[in-house]
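Results of the structural survey
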Amino acid sequence: MSRKPYIRQVSKTSWYLKQPRYMRYMSREVTCIFIGAFALLMVCAVERLSQGQAAFESFMATITGPWSFLGLFVILAFAVHNATNWFNVTPKAMPVQIGEEFLNGKYIVGAHYAIWIVASLVVLFFAGVM
Amino acid sequence: MTQLKKRMVQLEVLRYDPEKDTEPHFQKYTVECNEEWVVLDALNAVKETIDPTLNFRWSCHMAVCGSCGMMVNGEPKLSCHAFLRSYEGVIRVEPLANFPIERDLVTVADDFLEKLKRVKPYLIPKEKKSIEQGEFKQTPAQLMKFRQFSMCINCMLCYAACPEYALQPKFIGPAAIALAHRYNQDSRDGGRDERQEVIATNEGVWECSFVGACSEVCPKAVDPAGALQQVKVASTIDWFKEHLLPGGAK
Amino acid sequence: MAKSNKPIFWSLFAAGGTLAAFLAPVLVLLFLLLSLGHAPAVLSYAGLHAFAAHWFGKLFLLAVITLFLWHAAHRLRVTAFDFGLRQDSVVAVVVYLIAAAGTITTALCLLRI
């Protein structure tokens, strides 16, 4: 009897389209493109800020307008998607054992959401929005 | 006696005969089943009444041996744990993904077994003790630290679900690394450094990108994804200790 | 196989991801307000310049921008592989270089303010 194992090929470029859980994973991963873009935007802002008032106000004018709003809104959506996913998996990476029991993940996740809200309110307060 | 409800079930099974076929192909079977049966029962009914040439692995029929892993409608499942009542229409049955097909639904598990061995999945005692010196003592709290990861039945569903294993066959994989973690977390064990040499590598835990599919399909709630993230955290702390502390203190 | 050097990049990814989870949404929201032309006084040149001139402002901006950049860089490295771009060493050099360039630019500009 001869053996001839058959190896099934998996597409290296479209495997994630095959299952909803893989699409959910990719939606999480691509948030980095938007976080990265936003970080580069902040680099530009700091650079313009360092070049004086005229340079900075020209930058402000560039980021004013409907297309800018749309782009930033998309970034916001992905930033929130990253945040919610990040908080939800934290208990798995850092389980808290108390005696023989493990702290229920919902307390760890809940604490993260609480900090998120507080931190956001603090920033909004200091930015003069609240 | 209550009438057992019957159901005609249509299976579409991937066949492969290494002596005759160049490629696998689907074969349809229609078989009478009891309503409360699992996919494994349907396959056995096919083998017994329609096609004795159909090959598949199984043993305990109660989700503890890990033998009957296969793809049911594209999802890695233990066929003894996949209830017919959960499925409608034609049920597609294929061998476990990401492993070579030996014959029909039987896969070649060699790669997994080799990786299992590689991570040294056995106690390497911290202190050598002779029988006369007595047993190793462990509190319930110390047991809980690793107990969850000892529940693995080596069914390989996690490897079938893991896309990184599909893309990079050298990846040591969820079950093997979770098992290494089980021993690393055991208070009696002193072999962590040896295991780190194996799993703190690019083929080890660092191939993992926390897709989490492994934990979603695990029939024993081992949560290998969680184990791997914990290994990443521990390995990162190691790395900083080795590179930043004088003398690479551990 | 030798132990990986990924931990250094992964720790930056993890720190940046945590910071981005907590702070990115509200910071993007501030930019959104700017894009609408509804900037409060603090978000003007004068206000932001004063913030960046202060040591806390410098630290905050450098930490946030640096960690966001290195988080995105490492994740993009992995995502590129997932999308089928398999020359990992090449991708790694490219993404980390961009992150480094952004980090250095930010640091130099902040020093000037």
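Residues numbered from 1 in each chain as written. Chains lettered and ligands numbered in written order. Predicted model: local features only at pLDDT ≥ 70, side-chain atom pairs only at ≥ 80, totals over all residues.

**Considering helix α3 (residues 55-82) of chain C**
In this model α3 of chain C runs 40 Å from its N-terminal to its C-terminal C-alpha over 28 residues, within 8% of the 40 Å that 1.5 Å per residue would give. Downstream of α3 of chain C by one or two residues, Gly-84 of chain C has phi in the positive range, about 110 degrees. (Helix = DSSP H or I, 4+ residues; strand = E, 2+ residues; numbered from the N terminus. Expected span 1.5 Å × (residues − 1).)

**Quick notes on the packing of helix α6 (residues 174-184) of chain B against helix α7 (residues 192-199) of chain B**
Residues and elements named next belong to chain B. Viewed as axis vectors pointing N to C, α6 and α7 meet at an angle of 160 degrees, and their least axial separation amounts to 10 Å. Classified by the angle their axes make, α6 and α7 are roughly antiparallel. In this structure, α6 crosses over α7, and the sense of that crossing is left-handed. Packed against α6, whose contacting residues are Ile-177, Ala-180, Tyr-183 and Asn-184, the element α7 presents Arg-192, Arg-195 and Ile-199 at the interface. (Axes fitted to C-alpha atoms, helices over the stretch in contact; angles between N-to-C directions. Parallel < 35°, antiparallel > 145°, perpendicular 65-115°, else oblique. Left-handed = near helix turned anticlockwise from the far one by under 90°. Contact = placed C-beta atoms within 7 Å.)

**Structural notes on the domain arrangement of chain A**
All names here are of chain A. What the domain assignment reports for chain A is domain 1 (17-93) and domain 2 (95-130). Computed from C-alpha coordinates alone, the two centres of domain 1 and domain 2 are separated by 21 Å. Its residues assigned to classes, the side of domain 1 that touches domain 2 comprises 3 nonpolar, 2 polar and no charged. (Domains from an automatic or database assignment. Nonpolar A, V, L, I, M, F, W, Y, C, P; charged D, E, K, R; others polar.)

**A word on the domain arrangement of chain B**
Residues and elements named next belong to chain B. Each domain of chain B was delimited in the assignment, giving domain 1 (6-107) and domain 2 (110-248). Each of domain 1 and domain 2 was reduced to a C-alpha centroid, and the two centroids are 31 Å apart. In this complex, domain 1 contributes 13 residues to the contact, which on the side of domain 2 involves 12 residues. Listing elements by their share of the side of domain 1 that touches domain 2, those giving two or more residues are β3 (69-72) and β4 (75-78). Of the residues forming the side of domain 1 that touches domain 2, the biggest block, 3 residues, is contributed by β4. Of the residues assigned to the side of domain 1 that touches domain 2, the class counts are 8 nonpolar, 4 polar and 1 charged.

**A look at the nonpolar core**
Among the nonpolar cores identified, the biggest contains 65 residues, and Met-156, Cys-158, Ile-177, Ala-178 and Ile-199 of chain B are the most heavily contacted of them. Tallying contributions element by element places α6 of chain B first for this core, with 7 residues. Lining this core are residues from two domains, each supplying at least three of them: domain 1 (6-107) and domain 2 (110-248) of chain B. Setting aside anything within four residues of it in sequence, one finds Ile-177 of chain B in contact with Val-119, Ile-172, Ile-199, Gly-204, Val-205, Ala-227, Leu-228 and Val-231 of chain B. Counting 50 residues, the second-largest nonpolar core is a separate cluster that includes Trp-116 of chain A together with Phe-9, Ala-99 and Leu-110 of chain C. (Core = buried A, V, L, I, M, F, W, Y, C linked by C-beta atoms within 7 Å. Buried ≥ 20, exposed ≤ 12 C-beta atoms within 10 Å, placed from the backbone.)

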